[in-house]
Amino acid sequence: MLEIINYLKTRYLSEKAQGITEYALLLVFVVAIAVAVLFGTGTGSDLKNGLTNAFERVVTNLKTVR
């Protein structure tokens, strides 16, 4: 029983698990902000259209280079 407890302590209380949790929370925060900006208000749709147009221009330019 003590071995199981020690295993669980090292598995879930290690710095590695803490780092993964912090990165996951940061990713959730960034995605939430991106969704709010891109799909939230009217200004977000302007940003969405601007980004879409920029990427389309990049793709078009890359196709003409070949």
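You'll find the structure just up there.
Just so it is clear, the structure is predicted and the values come from calculations on it, not from any experiment.

Participant: Could you clarify how one ought to interpret the overall build of the protein chain in this entry?
Facilitator: Counting secondary structure elements, the protein chain contains three helices and zero strands. Ordered by position in the sequence, the α and β elements of the protein chain form the string α-α-α. Across the 66 residues of the protein chain, 3% fall into the buried class. Carbon and sulfur atoms make up 68% of the accessible area of the protein chain, which amounts to about 6,200 Å² in all.

Participant: Just to check I follow, could you spell out a nonpolar patch on the surface for this structure?
Facilitator: Where nonpolar side chains cluster on the molecular surface, the patch consists of Tyr23, Leu26, Phe29, Val30, Ile33, Val37, Leu47, Leu51 and Phe55 and spans about 910 Å² of accessible area. When contributions to the nonpolar patch are tallied by element, the ones reaching two or more residues are α2 (15-39) and α3 (42-65). At six residues, α2 tops the list of elements feeding residues into the nonpolar patch. Its location among the elements puts isoleucine 33 in helix α2. Assessed through its relative accessible area of 43%, isoleucine 33 is described here as partly exposed.

Definitions and cut-offs
Residues numbered from 1 in each chain as written. Predicted model: local features only at pLDDT ≥ 70, side-chain atom pairs only at ≥ 80, totals over all residues. Heavy atoms only, no water. Helix = DSSP H or I, 4+ residues; strand = E, 2+ residues; numbered from the N terminus. Buried < 20%, exposed > 50% of the residue type's maximum accessible area, 1.4 Å probe, protein only. Areas by Shrake-Rupley, 256 points an atom, 1.4 Å probe, with all protein chains shown as cover. Patch = residues over 30% accessible without salt bridge, like charges linked within 9 Å, V, L, I, M, F, W, Y side chains within 5 Å. Salt bridge = Lys/Arg side-chain N within 4 Å of Asp/Glu carboxyl O.

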